[in-house]
Amino acid sequence: MQLKQWEKYSGVVGDNMSSTPGKGGTPNGNNGSSSRNVVASGFDKNFTKASGTYGQGGKFTAYGYAGAGGGSGGYASDTVSVTPGSELTITVGEGGTYAARRSSYATSGSSGFVKIAYGEGVQ
Amino acid sequence: MAELETRLHAKLNGVTEEIRLYTTVEEVGDSYITLNVNGTECYAKLGPSTDKYASVVNVRLPGASEALKVLKQITIPYTELEFTTPGTYKFKVPPGVTTLKVALCGGAGGASSSSGYGYYKAGDGGESSVGDLIKATGGTGGQSYDEDSGSSGGSCFIAGTKVLGIVNICGIRTVSWINIEAVQPNDYLIGANGQINQVLCPYAIPLGDDRAMLKTDEENPLVFAADHRMWIKQDGKEYWGVFDYNYMLNNHKTKLLNGLTPSQDAQRRMFEKYGIKPHISNGCTKELPFAVYGNYEFGTIDGWKKIKVKQAREYDGKTLVYSFVMGGNHTYFANGYLCSGFADDTDFDYSTVKITNAAETMGKIFRSSR
């Protein structure tokens, strides 16, 4: 009874904690998690969609605190028409930086990838 | 290097074939024919009749015994390129290539952990793209808020720690050792020099993953967080001592955006949350606490006590630890050890603390009641 009354005045863990996991990128991204040590799976460096470590969301690891994992990057695969001799700008997205007092409490997101194939067999 | 938009057309038996023309000989290799299209010299590749791109057009080169076929296009070997380092790159589409197969993934969002109270928002992942042709956006970063995280420090003793306080038994006020978790706001505890100090606000938070617990090497040890200020004698000086000095510095010297230290801001939030009149400790502004090392003694209700301190590894981050924001001279005794209840040297002169006197005035009286 005394402890219960005491807690009325104390900041016991669980009070005013909230977390909003990151959202997966578009298309096909996986949302992050509010659970500790849970990772939003990324994608394999492949023309066929498969789970892997590229674009893998950051995870939080510290016990007893609110935390939120990052969403994975989106994944897309397609064939595109191009003009021979034209120049294309390729951008590889960087993973977002963790936000925590120490790096051991949360990890940054993994960077993405771009894979291109052309020539024989590519229609 | 380029491919002409204009193509050579060959028609046989009503079937028309297109033959691609290239502007450099490097593109067509050793065997080719030269043409001139509207003043532009260009080349068509030659090959054997078995080539899958062989057209209906035959060419017999001077001195050659057999005719070759004009090929409808050059053969581009299957090629894969991978870009995995974040950044921007330029890619020139090779001659003859009109189709790209592309797979791509955006960068992921980072994670957040409110391992120092407050709002944390991790960075978003970056977008990956190939020109304007295809893209995949990055994931967003996690965000979290924890008002009562242990990293603000200030709570330092495990449940069951005895503090010396004033209790009311059947209308009679007396002193007694009380479990720390049973103390209420506005209760009174005995502090330095035997002074009776009011409990302004009790305080309990998890130890967290970034603080260590220590314990005195004795039968009934005092178990305390390494960042808590204990009254110490070291190198002939008497003042507050802290074992985890870096942690203490961060919580008592760093300034937040609102001008308060993390420790002060934690107090402010606690007072505001529970509607208690605030007293925000200024901390030790005139002299920093000692970094405890080597030859030191603890100030206790029995006088100075030389005792080893060991790591208490049995307490993990979810251990709930307790302390108080104290009025008066902002001190109290925990298991007989004089400790800080958010010591504030702007309204109390700690050079006046007399451990001997405290022992004389308080120890003899209360020792037997422990």
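These figures come from a predicted structure and were not determined experimentally.

Structural notes on the overall build of chain A
Turning to step 1, where the next piece is worked out: Of regular secondary structure, chain A possesses 1 helix and 7 strands.
Turning to step 2, where the next piece is worked out: Written out in order from the N terminus, the α and β elements of chain A read α-β-β-β-β-β-β-β.
Turning to step 3, where the next piece is worked out: A total of 123 residues make up chain A; the buried ones form 55% of that total.
Turning to step 4, where the next piece is worked out: Counting only contacts in chain A whose residues sit at least 6 apart along the sequence, the fraction spanning at least 24 positions is 56%.

Focus on the overall build of chain B
Turning to step 1, where the next piece is worked out: A count of helical and extended segments in chain B gives 4 helices and 30 strands.
Turning to step 2, where the next piece is worked out: Evaluated residue by residue, chain B yields a buried proportion of 46% over its 370 residues.
Turning to step 3, where the next piece is worked out: For chain B, the share of sequence-separated contacts (at least 6 apart) that also reach a separation of at least 24 residues comes to 58%.

Side note on the pairing of strand β7 (residues 113-118) of chain A
Turning to step 1, where the next piece is worked out: Taken across its 6 residues, β7(A) has 5 buried, putting it largely inside the fold.
Turning to step 2, where the next piece is worked out: As defined by bridge partners, β7(A) adjoins strand β9 (residues 99-105) of chain B across 5 bridges and the pair is classed as antiparallel. Bridge pairing links K115(A) to A103(B) in β9(B).
Turning to step 3, where the next piece is worked out: Bridging between β7(A) and strand β7 (residues 79-83) of chain B involves 5 bridges; their strand directions are antiparallel. What sits directly across from I116(A), in β7(B), is L81(B).

Some details on the sheet that holds strand β6 (residues 68-71) of chain B
Residues and elements named next belong to chain B.
Turning to step 1, where the next piece is worked out: If you trace the 4 strands from one edge of the open sheet to the other, you get β3-β4-β6-β5, paired in antiparallel fashion. Edge strands, defined here as strands with exactly one partner in the open sheet, are β3 (32-37) and β5 (54-59). Across the sheet, the mean angle separating the axes of adjacent strands is 45° when strand polarity is ignored.
Turning to step 2, where the next piece is worked out: Pairing between strand β4 (residues 40-47) and β6: 2 bridges, direction antiparallel. Bridge pairing in β6 links L46 to V70.

Let's talk about the nonpolar core
Residue and element names in this part refer to chain B.
Turning to step 1, where the next piece is worked out: Membership of the largest hydrophobic core comes to 56 residues, with the highest contact counts inside it found for F157, V321, Y332, F333 and A334.
Turning to step 2, where the next piece is worked out: The greatest single-element share of this core, amounting to 6 residues, is contributed by strand β19 (residues 196-206).
Turning to step 3, where the next piece is worked out: Aside from chain neighbours lying at most four places away, what touches F333 is V163, L164, I190, I301 and L338.

Regarding the sheet that holds strand β13 (residues 134-136) of chain B
Turning to step 1, where the next piece is worked out: The strand order across the open sheet formed by 4 strands is β8(B)-β6(A)-β12(B)-β13(B), and the pairing between neighbours is antiparallel. Bordering the open sheet on either side are β8 (87-92) and β13 of chain B, each of which pairs with just one other strand. Taking each pair of neighbouring strands and ignoring which way they run, the sheet shows an average axis angle of 15°.
Turning to step 2, where the next piece is worked out: Where strand β6 (residues 87-92) of chain A lies against strand β12 (residues 128-130) of chain B, 2 bridges are found, and the strand directions are antiparallel. Within β12(B), the position partnered with I90(A) by the bridge is V130(B).

Focus: the confidence of the model for chain A
Reading fine detail from the predicted coordinates is not recommended where pLDDT is low.
Turning to step 1, where the next piece is worked out: When the pLDDT values of chain A are averaged, the result is 86; 85% of them are 70 or greater.
Turning to step 2, where the next piece is worked out: Segment residues 1-14 of chain A: pLDDT under 50, and 26 contacts once partners within four positions in sequence are set aside and those in other chains are kept.

Details of the confidence of the model for chain B
Turning to step 1, where the next piece is worked out: The predicted model of chain B has a mean per-residue pLDDT of 87, with 91% of residues at 70 or higher.
Turning to step 2, where the next piece is worked out: Across the interface, the model reports ipTM at 0.89; the global pTM reads 0.57.

Observations regarding the pairing of β6(A)
Two faces belong to every sheet, and in a regular strand the side chains alternate between them.
Turning to step 1, where the next piece is worked out: Sheet topology note: the β6(A)/β8(B) ladder contains 6 bridges and is antiparallel. Counted as the bridge partner of L88(A) is F91(B) from β8(B).

Side note on the environment of D78(A)
Turning to step 1, where the next piece is worked out: Following the sequence through the fold, D78(A) ends up in strand β5 (residues 75-81).
Turning to step 2, where the next piece is worked out: Along the sequence, D78(A) and T48(A) sit 30 residues apart, while their C-alpha atoms lie 9.6 Å from each other.
Turning to step 3, where the next piece is worked out: Among residues more than four places away in sequence, those in contact with D78(A) are V102(B) and I134(B).

Details of the interface of chain A and chain B
Turning to step 1, where the next piece is worked out: At the interface, 97 residues of chain A touch 92 residues of chain B.
Turning to step 2, where the next piece is worked out: Secondary-structure elements contributing two or more residues to the side of chain A that touches chain B are α1 (2-8), β1 (17-20), β2 (42-43), β4 (67-68), β5, β6 and β7 of chain A.
Turning to step 3, where the next piece is worked out: The residue inventory of the side of chain A that touches chain B, partitioned by class, reads 37 nonpolar, 49 polar and 11 charged.

A few points about the environment of L189(B)
All names here are of chain B.
Turning to step 1, where the next piece is worked out: Structurally, L189 can be placed in strand β18 (residues 188-190).
Turning to step 2, where the next piece is worked out: Remark: the alpha-carbon pair of L189 and I178, spanning 11 residues in sequence, is separated by 9.4 Å.
Turning to step 3, where the next piece is worked out: Residues within four places of L189 in sequence aside, it is in contact with V163, L164, G165, N197, V199, M326 and Y332.

Some details on unusual backbone geometry
Turning to step 1, where the next piece is worked out: In this structure, the amide linkage connecting T26(A) to the following residue, P27(A), adopts the cis form with an omega of -5°.
Turning to step 2, where the next piece is worked out: Examined against the element boundaries, P27(A) turns out to sit in the loop between β1 and β2.
Turning to step 3, where the next piece is worked out: Phi at N28(A) is positive, roughly 70°, even though this residue is not glycine.
Turning to step 4, where the next piece is worked out: With respect to the secondary-structure elements, N28(A) resides in the loop between β1 and β2.
Turning to step 5, where the next piece is worked out: Owing to 17 C-beta atoms within 10 Å, N28(A) belongs among the partly exposed residues under this scheme.
Turning to step 6, where the next piece is worked out: A positive phi angle, near 75°, is found at N186(B), a position not held by glycine.

Let's talk about helix α2 (residues 245-253) of chain B
Turning to step 1, where the next piece is worked out: Among the residues making up α2(B), those that are buried are M248(B), N251(B) and H252(B). Projection of α2(B) onto a plane perpendicular to its axis shows the buried side chains occupying an angular sector of 85°, all on one side.

Reading guide: rules and limits
Residues numbered from 1 in each chain as written. Chains lettered and ligands numbered in written order. Predicted model: local features only at pLDDT ≥ 70, side-chain atom pairs only at ≥ 80, totals over all residues. Helix = DSSP H or I, 4+ residues; strand = E, 2+ residues; numbered from the N terminus. Buried ≥ 20, exposed ≤ 12 C-beta atoms within 10 Å, placed from the backbone. Contact = placed C-beta atoms within 7 Å. Pairing = 2+ DSSP bridges. Axes fitted to C-alpha atoms, helices over the stretch in contact; angles between N-to-C directions. Core = buried A, V, L, I, M, F, W, Y, C linked by C-beta atoms within 7 Å. pLDDT = per-residue confidence, 0-100. Nonpolar A, V, L, I, M, F, W, Y, C, P; charged D, E, K, R; others polar. Arc of directions from axis to C-beta.

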